[in-house]
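Summary of structural features
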Amino acid sequence: MALDTQGSRRPYTGRFAPSPTGPLHDGSLLAAMGSFLDARAHGGKWLLRIEDIDTQRVVPGADRIIMGQLHALGMHWDQAPVWQSQRLKLYQNAFDHLLARQLVYGCACTRQELPLGAYPGTCRNGIPAGREARAWRFKVPAGLETFEDRWQGAQHQDVAAEVGDFIIKRADGIWAYQMAVVIDDGDQRITDIVRGTDLLDSTARQQVLARHLGIIYPRVMHVPLLLDDSGRKLSKQNHATALDLANPVRTLNKAWQALGFNAMPETDLKSFWYSAQAQWARRFSVL
Ligand code: GLU
């Protein structure tokens, strides 16, 4: 259970939010498994959200393949899945809310004009004469964001200094990942995020944005990434192969071990998940 700002209990609601840019692979299975187990260990709900907002990266049909893979591995979601591409109105409403509070501004800078690192705030007080807004940025207030990550421990980031005002609507008109994910987690009343460590660095941004949208930011847990032989994150970009579904328990066992547990002797899906859930609950002191 998570406590909301009024101190009342909110039932555990977790989610897996894949981008349908290809089938799940051994790396993305870690996030799916972690979020699924954490929800089950808490007796909570596990939702599936297809993050297909970045239409340039979406591979048609990948969403259905992902859903088929999850089912084949015995991972069943508890509510009808949602697709971000069908929720654009929600993002626009949130944007309007920020705009009315002067928390967003248009930015004319091109990528080439910007230094590496934090956005220097070039357009914060207005776009230079003769230029036009391309993207929209969130005005990050000064201050340190802190949070407790259930896997990685205490975290902090000075978003204003280290990232600067970040983009919530891109130059191509597409809602930025940071914007859509915060609104969806709020709208779906997600209490707990479990995802890969590659997104640890996004969390402080999401937390500060959530606060300005009146959204209770979920608890977070960032699970390790699977690295390839040269130490890079296993991803579609570096040719991770799709999951082997011929032997689902063996595939699950690989992910399970990559999360730091001992291989499980179980040979059928049901007993695999049963034992995994119990071990997860013990390791993370889930009551
Ligand atoms: N859609 C993101 C991805 O596949 C995950 C978003 C999240 O879990 O917050 O990397």
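Above this text you will find the structure in question.
Attention in this report is confined to the structure presented alongside it.

Rules and cut-offs
Residues numbered from 1 in each chain as written. Predicted model: local features only at pLDDT ≥ 70, side-chain atom pairs only at ≥ 80, totals over all residues. Heavy atoms only, no water. Core = buried A, V, L, I, M, F, W, Y, C linked by side-chain atoms within 4.5 Å. Buried < 20%, exposed > 50% of the residue type's maximum accessible area, 1.4 Å probe, protein only. Helix = DSSP H or I, 4+ residues; strand = E, 2+ residues; numbered from the N terminus. Contact = heavy atoms within 4.5 Å. Axes fitted to C-alpha atoms, helices over the stretch in contact; angles between N-to-C directions. Parallel < 35°, antiparallel > 145°, perpendicular 65-115°, else oblique. Nonpolar A, V, L, I, M, F, W, Y, C, P; charged D, E, K, R; others polar. Phe/Tyr/Trp six-rings, centres within 6.5 Å; stacked < 30°, edge-to-face > 60°. Lys NZ or Arg CZ within 6 Å of the ring centre and 35° of its normal.

This part is about the nonpolar core. Ranked by internal contacts, the top residues of the largest apolar core, which has 40 residues, are Met33, Leu70, Met75, Trp256, Phe272, Trp273 and Trp280. At nine residues, the largest contribution of residues to this core is made by helix α1 (residues 26-41). Apart from residues lying up to four places away in sequence, Met33 is in contact with Met75, Leu252, Ala255, Trp256, Leu259, Phe272 and Trp273. Listed in part, the 33 residues of the second largest apolar core include Phe147, Leu200, Ala210 and Val220.

Next up on the list: the packing of α1 against helix α8 (residues 269-283). The geometry of α1 relative to α8 is characterised by a closest axis approach of 9 Å and an angle of 75° between their N-to-C directions. As the angle between them shows, α1 and α8 are arranged roughly perpendicular. Two secondary-structure elements touch here, α1 through Met33, Gly34, Phe36, Leu37, Asp38, Arg40 and Ala41 and α8 through Phe272, Trp273, Ala276, Gln277, Trp280 and Ala281. Considered class by class, the residues forming the contact of α1 with α8 number nine nonpolar, two polar and two charged.

Now for the packing of aromatic side chains. Throughout the structure, instances matching the rule amount to 13 aromatic pairs. Seen from their ring centres, Trp151 and Trp280 are 6.5 Å apart, and the 50° between their planes marks the pair as tilted. You can see Trp151 sitting in the loop between β8 (145-149) and β9 (153-157) and its partner Trp280 sitting in helix α8, a full 129 residues away along the chain. With a centroid separation of 5.2 Å and an interplanar angle of 85°, the aromatic rings of Phe272 and Trp273 are classed as edge-to-face. Trp273 matches Phe272 in its accessibility class, with the two residues each being buried. Put simply, the rings of Phe16, Phe36, Trp46, Trp151, Trp256, Phe261, Phe272, Trp273, Trp280 and Phe284 pair up and form one aromatic cluster. Between Lys169 and the ring centre of Trp175, over which it is positioned, the NZ or CZ distance is 4.7 Å. Between Arg283 and the ring centre of Phe261, over which it is positioned, the NZ or CZ distance is 3.9 Å.

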